[in-house]
Amino acid sequence: MTSNAPHNFSWVEPGKLAGLALPRMTAEYQYLLDQGIQHLVCLCERKPPNHDTCPRLHLHHIKIADFTPPTPAQIDAFLSIVEKANSRGEIRRMRPGSIETPEQEKAVVQFYQRTK
């Protein structure tokens, strides 16, 4: 099967950490698998379309309303997924620079202050 990079795909740390826009097509999910990615964390209101076309790619859905900041519990859930995947030597997903609103930026600052 031919694979295509999802929109806005980029490595933050090559081979370990990437970010991307919401994948939509089977070929985009296949691209993630071809890169060795095993986990996809979706931080959107709805699950990505066609996510079930690649059962080897494990979807984690943390439902965050569009253009709103995550709650501390949602941040903790995301970090738990990342830590579990990383502890098994698996790929993790996130990207700096994906903050879209001042409220989201404030949530990140509050999280940072909470963890200092």
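Keep in mind that this is a model prediction, so the values were computed, not measured. (Residues numbered from 1 in each chain as written. Predicted model: local features only at pLDDT ≥ 70, side-chain atom pairs only at ≥ 80, totals over all residues. Heavy atoms only, no water.)

Asker: For this particular structure, what's the right way to read the overall build of the protein chain?
Answerer: Helix and strand counts for the protein chain come out as three helices and five strands. Secondary structure elements of the protein chain, listed N to C terminal, follow the sequence β-β-α-β-β-α-β-α. Expressed as a percentage of the 116 residues in the protein chain, the buried residues total 32%. Put simply, 48% of the contacts in the protein chain that link residues at least 6 apart link residues at least 24 apart. In the form shown here, the protein chain has an accessible surface area of approximately 7300 Å², with 52% of it arising from carbon and sulfur atoms. (Helix = DSSP H or I, 4+ residues; strand = E, 2+ residues; numbered from the N terminus. Buried < 20%, exposed > 50% of the residue type's maximum accessible area, 1.4 Å probe, protein only. Contact = heavy atoms within 4.5 Å. Areas by Shrake-Rupley, 256 points an atom, 1.4 Å probe, with all protein chains shown as cover.)

Asker: Help me understand the pairing of strand E3 (residues 39–42), please; the structure alone is not making it clear to me.
Answerer: Along any regular strand, the residues point their side chains to alternate faces of the sheet. Side chains of E3 alternate between two faces, with His39 and Val41 and Leu40 and Cys42 buried alike. Both E3 and strand E4 (residues 58–61) contribute to a ladder of four bridges, which runs parallel. Note that in E4 the partner of Val41 across the bridge is His60. (Pairing = 2+ DSSP bridges.)

Asker: Explain unusual backbone geometry here, please?
Answerer: Keep in mind that most residues, glycine aside, have a negative phi and that most peptide bonds are trans. The residue Asn8 is not glycine, and still its phi comes out positive at about 65°. Mapped onto the fold, Asn8 is located in the segment before strand E1 (10–13). The phi torsion at Phe67 lies on the positive side, around 60°, for a residue other than glycine. Turning to its location among the elements, Phe67 is positioned in the loop between E4 and helix H2 (72–87).

Asker: Help me understand the confidence of the model for the protein chain, please; the structure alone is not making it clear to me.
Answerer: Low pLDDT means the predicted atomic positions in that stretch should not be read closely. Averaged over the protein chain, the pLDDT score is 80; the fraction of residues at 70 or greater is 75%. Looking over the protein chain, one finds the lowest element-wise mean pLDDT in strand E5 (residues 92–93), namely 37, and the highest in helix H1 (residues 26–34), namely 93. In the model, residues 88–96 has pLDDT below 50 throughout and makes 38 contacts with residues more than four positions away in sequence or in other chains. (pLDDT = per-residue confidence, 0-100.)

Asker: What should I look at first to understand the environment of Gln38 in this one?
Answerer: Within the secondary structure, Gln38 sits in the loop between H1 and E3. The exposure class of Gln38 is partly exposed, given its relative accessible area of 38%. In this structure, the C-alpha to C-alpha distance between Gln38 and Leu57, residues 19 residues apart in sequence, is 5.0 Å.

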